[in-house]
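One letter stands for each residue in the lines below.
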Amino acid sequence: MTQDELKAAVADAAIKEIEPSLDSNTVLGIGTGSTVNLFIDRLGPLRDRFQGAVASSEASAERLKAWGIEVFELNSVGTLPFYIDGADEVSDHLRMVKGGGAALTREKIVAACAERFICIADASKYVAQLGDFPLPVEVIPMARSYVGRELVKLGASPVYRQGVTTDNGNPIIDCYDFMIDDPLAMEARLNAIAGVVTNGLFAARGADVLLLGKDDSVERIAGQ
């Protein structure tokens with residue numbers, strides 16, 4: 001299968017994963033990205049089966065609304081039964097690098113409010129060690145240079161993502177040449193740098209289930 005076909009297959013699998021639990025009170029957490037867009041397109045015809053969704057980006061919110069799905073503010077909802085999102089990289093412990101689409105902060109917040117995080121990804125995203133994909137760090141604008149210097153001290157090659165502003169109004173620094181031995185410790189260490197909003201390591205709150213698209217099937221991998 002092509003990569004697009006693999007993304008479609010995992011989107012279908014995610015629908016099957018959540019469909020038995022949908023009811024009129026269900027509010028879903030929805031992530032951001034090309035794979036999630038395919039999931040939203042499959043969720044649209046089921047819009048009368050659940051109450052609505054919380055989106056991790058303005059782009060996903062608009063796509064949900066286009067399908068007639070009500071979009072709620074997270075503050076008005078509380079706990080979510082499911083959060084469905086993709087990943088730029090995912091390891092065998094279901095820790096992830098996310099933020100290629102610059103939605104990492106809102107993704108991390110919505111994921112924190114979810115009872116179950118379902119990651120949907122094609123096999124190219126499954127890695128033995130996180131770090132080949134440049135790790136995004138969202139920063140307060142005035143702290144950009146300072147944070148960059150601190151990232152260099154940690155061994156990264158930081159690059160300002162030109163022309164990109166998050167939905168929160170902040171810039172992104174991408175960390176290249178930065179293989180990550182201990183994602184949990186590095187996530188905390190990066191977040192402790194003054195001026196960092198958050199970073200794209202999802203280790204403290206990893207996925208509960210990975211639906212991984214392979215050439216001939218979708219493998220379901222449960223978190224350890």
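Note: the structure precedes this text.
Summary of the structure given here. All values reported here derive from a predicted model rather than from experimental measurement. (Residues numbered from 1 in each chain as written. Predicted model: local features only at pLDDT ≥ 70, side-chain atom pairs only at ≥ 80, totals over all residues. Heavy atoms only, no water.)

Comments concerning the overall build of the chain
- Per the secondary structure count, the chain includes 6 helices and 13 strands.
- In terms of overall dimensions, the chain has a C-alpha envelope of 50 × 40 × 30 Å along the principal axes.
- Here the chain holds 224 residues, and 51% of them are scored as buried.
- Across the chain, contacts joining residues at least 24 apart in sequence account for 73% of those joining residues at least 6 apart.
- Per element, the accessible surface of the chain, about 10,000 Å² overall, is 48% carbon and sulfur. (Helix = DSSP H or I, 4+ residues; strand = E, 2+ residues; numbered from the N terminus. Buried < 20%, exposed > 50% of the residue type's maximum accessible area, 1.4 Å probe, protein only. Contact = heavy atoms within 4.5 Å. Areas by Shrake-Rupley, 256 points an atom, 1.4 Å probe, with all protein chains shown as cover.)

Details of the sheet that holds strand E7 (residues 135-139)
- Taken in spatial order, the 4 strands make up an open sheet running E8-E9-E7-E10, and their pairing is antiparallel. Here the strands that pair on one side only, and so sit at the sheet edges, are strand E8 (157-160) and strand E10 (196-199). For this sheet, the mean angle separating the axes of adjacent strands, direction not counted, is 30°.
- Note: E7 against E10, 3 bridges, orientation antiparallel. Within E10, the position partnered with Val139 by the bridge is Val196.
- In this fold helix H4 (residues 104-112) packs onto E7, strand E9 (172-176) and E10, with an angle of close to 70° to the strand it touches most, E10. (Pairing = 2+ DSSP bridges. Axes fitted to C-alpha atoms, helices over the stretch in contact; angles between N-to-C directions.)

Examining helix H3 (residues 58-66)
- Here H3 has its buried residues at Ser60, Ala61 and Leu64. All buried residues of H3 fall inside an arc of 105° around its axis, so they share one side. When the buried face of H3 is taken as reference, the exposed residues oriented beyond 90 degrees from it are Ala59 and Ala66.
- One or two residues past the end of H3 sits Gly68, with phi positive at roughly 80°. (Arc of directions from axis to C-beta.)

Quick word on the packing of helix H2 (residues 34-43) against H3
- In contact at an axis separation of 9 Å, H2 and H3 are set at 20° when each is read in the N-to-C sense. Between H2 and H3, the angle is such that the two are roughly parallel. The two elements H2 and H3 meet at a crossing, and its hand is right-handed. Together, Asn37, Ile40, Asp41 and Leu43 of H2 and Ser60, Arg63 and Leu64 of H3 make up the contact between the two elements.
- Within the contact of H2 with H3, the residues separate by chemical class into 3 nonpolar, 2 polar and 2 charged. (Parallel < 35°, antiparallel > 145°, perpendicular 65-115°, else oblique. Left-handed = near helix turned anticlockwise from the far one by under 90°. Nonpolar A, V, L, I, M, F, W, Y, C, P; charged D, E, K, R; others polar.)

Structural notes on the packing of aromatic side chains
- Across all of its chains, the model carries 1 aromatic pair by this definition.
- With a centroid separation of 5.0 Å and 65° between ring planes, the pair formed by Tyr83 and Phe117 is classed as edge-to-face. In this pair, Tyr83 is assigned in strand E3 (residues 80-85) and Phe117 in strand E6 (residues 114-122), connecting sequence segments 34 residues apart.
- Take Phe117: its relative accessible area is 0%, and that puts it in the buried class. (Phe/Tyr/Trp six-rings, centres within 6.5 Å; stacked < 30°, edge-to-face > 60°.)

A look at helix H1 (residues 3-18)
- Compared with an ideal rise of 1.5 Å per residue, which puts 16 residues at 22 Å, H1 spans 23 Å between its outermost C-alpha atoms and is within 8% of the ideal.
- Among the residues of H1, those classed as buried are Leu6, Lys7, Ala8, Ala9, Val10, Ala11, Ala13, Ala14, Ile15 and Ile18.
- Residues of H1 that are buried in the fold lie against strand E1 (27-30), H2, E3, E6, strand E12 (209-213) and strand E13 (218-222). (Expected span 1.5 Å × (residues − 1).)

Observations concerning the pairing of E6
- Of all the 9 residues making up E6, 7 are buried; the element is thus mostly covered by neighbouring parts of the structure.
- Sheet topology places E3 next to E6; 5 bridges connect them, and they run parallel. What sits directly across from Phe82, in E6, is Arg116.
- Across 5 bridges, the pairing between E6 and E12 is parallel. Note on E12: the bridge partner recorded for Asp122 is Gly213.

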